[in-house]
Amino acid sequence: MSTRLSHSLRTRLALLASFAMFAVILVACLFSILSIHGEVADIRTHDLSGKAVRVLLEVKRERLPPVLDQDGLDGIQVVNAAGKPVSSTPSLAGQPRQVTSIPRGTMANDTAEFCDLPAFPGQCKLVVALIAFQPDGPWIVYAFDPAVPWYVSIQVLLIHVGAVVVLVALTWIGVSRVVSKTLTPVGGITARLSEMSMSRGDVHIPVPETDDEIRDLAETANRTLERLHTAMKQQESAMEQQRRFAADASHDLRSPIAAMRAQVEEALLHPDDADWQEVGGEVLASLDRLQAIVTDLLTLNKLDAHAPAERVPVDIAGLVADETMRQRGKPVRTSLEEGVFVMGSPLQLARLLVNLLDNAERHAEREITVVVRREGGDCVLEVLDDGAGVAPDQREFVFQRFTRLDASRSRDAGGTGLGLPIAREIAHAHGGTLTIEDSDVGARFVLRIPCVSGPAE
């Protein structure tokens, strides 16, 4: 199909160029023929006048013979003052006066073209008229010769027709070759795009070596295809992540529901032996877990939807101080630098801090350490625990949704697996990062967010 389109475009451009060339050459040929026609007519008139002058001199000398020499002309006719032919060439012998309309007025000579004269039916003649003023009145010498046709001669016409044909043919061939050479890269681009539509391999199309619009088109198409390929990969990754998220979410939601159902069914089978207070406590624990999962899912949904939140300068050190005042199962040691402000949502940043502290509390052996400091233009929050830590190859894995490492599952059966993903999404929403960095012992979570001036500054 691309070859057919290429041929069609090449044919159309060649036709257009050929028609344009034909029109230009036709106009040029017409001007050329008219110019040649005028020159040939002038030459013919001059020659005709010269031969008529010789007859005129004979009239003046009164030596005019009754029969004139043909002298290579179609005819010569002399008319006396009474308007009667008195002498002529053999071709006009016995013919009446051929022309009466020239000369006009008192002109001594005149030239005109006439068709269908009595002696030359169906022909056009160039006629020169000369006046010889005699005592009895003006005598007129008429000289006749073939009129110059519009095309001058068949040879001139053939030369011009040949020039038109040759130039139009050269235009067709030249334009066809140029267009074909120009469209060759387009054919390669089309073929490559066709191949790409059937596979997901290399997304680059060939870039021609020429420095023209086709090269710009190929380079622009490559940049567009790269962005499209990247977007498709991101979409596929997001869809895959969404599928895993849905599968994990359904599993984690089923677990507390199944646990509640089993507890209630077991109690109903033996209602007299059941400790309903204990059953109620177990069901409430499962409901708490279910509520925590649903709350975290709603939080993630808002973060994914980039729901707007109020942004104000937030004192990170003050936020940490307020949160660490609450009683926890493990002691929290802090190192806080004052005047560390970020622009953000206090509620979201508090949620991020709580999630990091809850994670550290689940894995700490003895204590938790929180550090707030400035580092260049960033505000840095570090939350460290003295637990087993996270292996380097697992540091990104823990930020995936519903992900809990084996050690985490054994120590925290009630976790949702969404705390750290929520914390990272909050960091990204504030233009920052949340990573796990090296530490001598335990896990070291590091939050970096660009600093801003505080309200008092």
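The shown structure was predicted, so the numbers you read here are calculated from the model rather than taken from an experiment.

K.L.:
For this particular structure, what's the right way to read a negative patch on the surface?
P.N.:
On the surface, Glu266, Asp275, Glu278 and Glu282 cluster together to form a negatively charged patch. Summarising the element assignment, Asp275 is placed in the loop between helix H3 (213–269) and helix H4 (276–304).

K.L.:
Explanation requested: the sheet that holds strand S3 (residues 109–117) in the structure shown.
P.N.:
Strand pairing in a sheet relies on backbone hydrogen bonds, with the paired strands running either antiparallel or parallel. Taken in spatial order, the five strands line up as S2-S1-S5-S4-S3 in an open sheet, and their pairing is antiparallel. The open sheet is flanked by strand S2 (85–88) and S3, the only strands paired with a single partner. Neighbour-to-neighbour, the strand axes of this sheet turn through a mean angle of 25°, independent of strand direction. Bridge count for strand S4 (residues 120–134) against strand S5 (residues 137–146) is 10 bridges, and the pairing is antiparallel. In the strand pairing of S5, Ala129 is matched with Tyr142.

K.L.:
I tried to follow the side chain of Ser18 on my own but got confused; where do I start?
P.N.:
With respect to the element layout, Ser18 can be found in helix H1 (residues 2–60). Discounting chain neighbours no more than four positions away, the residues touching Ser18 are Val168, Thr171 and Trp172.

K.L.:
What is the right way to read the side chain of Lys51 from this model?
P.N.:
Structurally, the position occupied by Lys51 is in helix H1. Using a relative accessible area of 15% as the deciding quantity, one classes Lys51 as buried. With sequence-adjacent residues up to four places away left out, Lys51 is seen in contact with Asp71, Gly72 and Leu73.

K.L.:
Looking at this model, I keep getting lost on the packing of helix H5 (residues 316–324) against helix H6 (residues 346–363). Mind explaining?
P.N.:
The geometry of a pair of packed helices is captured by two quantities: the angle between their axes and the separation between those axes. At a minimum axis distance of 11 Å, the contact between H5 and H6 shows a crossing angle of 55°. As the angle between them shows, H5 and H6 are arranged oblique. Crossing angle aside, the handedness with which H5 passes H6 is right-handed. Residues Ile316, Leu319, Val320 and Glu323 of H5 form the contact with H6, whose own contacting residues are Pro346, Leu349, Ala350, Leu353, Val354 and Leu357. Here the residues of the contact of H5 with H6 sort into nine nonpolar, no polar and one charged.

Conventions we followed
Residues numbered from 1 in each chain as written. Predicted model: local features only at pLDDT ≥ 70, side-chain atom pairs only at ≥ 80, totals over all residues. Heavy atoms only, no water. Patch = residues over 30% accessible without salt bridge, like charges linked within 9 Å, V, L, I, M, F, W, Y side chains within 5 Å. Areas by Shrake-Rupley, 256 points an atom, 1.4 Å probe, with all protein chains shown as cover. Salt bridge = Lys/Arg side-chain N within 4 Å of Asp/Glu carboxyl O. Lys, Arg positive; Asp, Glu negative; His and termini not counted. Charge placed at Lys NZ, Arg CZ, Asp CG, Glu CD. Helix = DSSP H or I, 4+ residues; strand = E, 2+ residues; numbered from the N terminus. Pairing = 2+ DSSP bridges. Axes fitted to C-alpha atoms, helices over the stretch in contact; angles between N-to-C directions. Contact = heavy atoms within 4.5 Å. Buried < 20%, exposed > 50% of the residue type's maximum accessible area, 1.4 Å probe, protein only. Parallel < 35°, antiparallel > 145°, perpendicular 65-115°, else oblique. Left-handed = near helix turned anticlockwise from the far one by under 90°. Nonpolar A, V, L, I, M, F, W, Y, C, P; charged D, E, K, R; others polar.

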